[in-house]
Amino acid sequence: MPCRIDPCLALLTLKPPKGSDWAFEIKWDGYRLAVHIEPASVKILTRGGHDWTDRFPAIVAEVPHLPLKTAILDGEAVVLDEKGRTDFGLLQRALGRRPASHEPGEIILYAFDLLYLDGRDLHRLPQRERRRLLEPLLEGRDGAIRLSEEVDGDGETFFRVACDLGLEGIVAKHRARPYRSGKRPEWLKIKCARRDNFAIIGFEPSTVPGAIGRLLLAARKDGSLVYVGGVETGFSQQSSVKLRELLEQIPTKTPAVKISRKNAIFTRPILAAEIEYRAWTEDGKLRHVSFKGLQEIKEDATIYQIDE
């Protein structure tokens, strides 16, 4: 069994592909995992190759019930909300050390690919063949390891239904292609709303005392930051006040980008905002934006990169 197989990653596209060569699945909003199963051990690796086995006890406990001896399952660990939708925030809190409404035992792995089975390396097989071998192992199971269901039919219709249900989007996979690591055109993701990280370069005060009216955002382009607009929704008054208190601790007199906005208070670009958005304007600004979270910028890859 390979010690590790770098995951196949889906390319982002705006519309689902057409034709019978494509299979469609729900796009799960969670942590990408590879579950390495051997007779005497189970190892769970993250997309980056880190061993997180001890963080997913329910998934580990489910493995002995599967009808196999050795395998590598490729899938997504998720937590479901009360409507049965994946919620990344709930997953993060379930994996954290602070009290949360969901426990690690509630984390589910939706498996969508099979790379190794009982001594046989499968990643060179076409997707349809890997899927044919995966389905009988997991069909009908409702425990901590489940099958990510595949949908036959029109991709545009499935995408529209997924968005109407409040899901993140769908994934399309070419049935005739092998499993290849990295971003490949044989796997495509189509998002109902896009979600990326942008550097916070300042804010505009709210009419409510002590709160934020608008966060100012930037993306990376050609090695520097460029202004991409702002976000005014997604935070409560309470979280807005706390965010302003945090940003006021990192002020700067020199904006990180060339921008002139009346009443703006500029900050050092060391924090990133996770932003959900629908599209870009022709002049390079975000449309239909909503604030989803905050994180520290630790490396350039944290921030959305604009490619020409």
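Now for a quick tour of the structure. Every value quoted in this text rests on a predicted model; they were computed, and no experiment measured them.

Conventions adopted
- Residues numbered from 1 in each chain as written.
- Predicted model: local features only at pLDDT ≥ 70, side-chain atom pairs only at ≥ 80, totals over all residues.
- Heavy atoms only, no water.
- Helix = DSSP H or I, 4+ residues; strand = E, 2+ residues; numbered from the N terminus.
- 1 Å grid on protein atoms, 1.4 Å probe; cavity = no way out; pocket = protein on both sides within 12 Å on 5 of 7 lines; lining within 4 Å.
- Points joined across faces, edges and corners; volume = space filled by probe spheres on them.
- Nonpolar A, V, L, I, M, F, W, Y, C, P; charged D, E, K, R; others polar.
- Buried < 20%, exposed > 50% of the residue type's maximum accessible area, 1.4 Å probe, protein only.
- Arc of directions from axis to C-beta.
- Contact = heavy atoms within 4.5 Å.
- Disulfide = S-S within 2.5 Å.

1. Considerations on unusual backbone geometry
A negative phi angle characterises most non-glycine residues, just as the trans form characterises most peptide bonds.
And then number 1: The phi dihedral of Asp118 falls on the positive side, at around 45 degrees, and the residue is not glycine.
And then number 2: For Asp118, the position within the fold is in the loop between β6 (108-117) and β7 (120-121).
And then number 3: At His288, a residue that is not glycine, the phi angle is positive and equals roughly 55 degrees.

2. Notes on empty space enclosed by the protein
And then number 1: Under the definition given, this model contains one cavity of 30 Å³ or more.
And then number 2: Taken as a whole, the largest cavity encloses approximately 130 Å³ of empty space.
And then number 3: Taken together, 14 residues form the lining of the largest cavity, with Ile5, Pro7, Leu33, Ala34 and Thr46 sitting closest to its centre.
And then number 4: At the level of secondary structure, the elements contributing two or more residues to the lining of the largest cavity comprise β3 (31-38), β4 (41-46) and β5 (71-78).
And then number 5: The leading source of residues in the lining of the largest cavity is β3, at four residues.
And then number 6: Taken together, the residues that form the lining of the largest cavity break down as eight nonpolar, two polar and four charged.

3. Structural notes on helix α2 (residues 88-95)
And then number 1: Every buried residue of α2 is accounted for by Phe88, Leu90, Leu91, Ala94 and Leu95. When α2 is viewed along its axis, its buried side chains cluster within an angular range of 160 degrees and face the same direction.
And then number 2: Packing partners of the buried residues in α2 comprise β3 and β5.

4. Here we look at the state of the cysteines
And then number 1: Taken as a whole and judged by the stated rule, the model has one disulfide.
And then number 2: For Cys163, the disulfide goes to Cys192, at an S-S distance of 2.0 Å. Sign of the S-S torsion, about -95 degrees for the bond between Cys163 and Cys192, identifies this disulfide as left-handed. Linking Cys163 in helix α4 (residues 155-164) with Cys192 in the loop between β11 (182-191) and β12 (194-205), this pair joins segments that are 29 residues apart in sequence.
And then number 3: Here Cys163 falls in the partly exposed class, since its relative accessible area comes to 26%.
And then number 4: Judged by its relative accessible area of 12%, Cys192 falls in the buried class.

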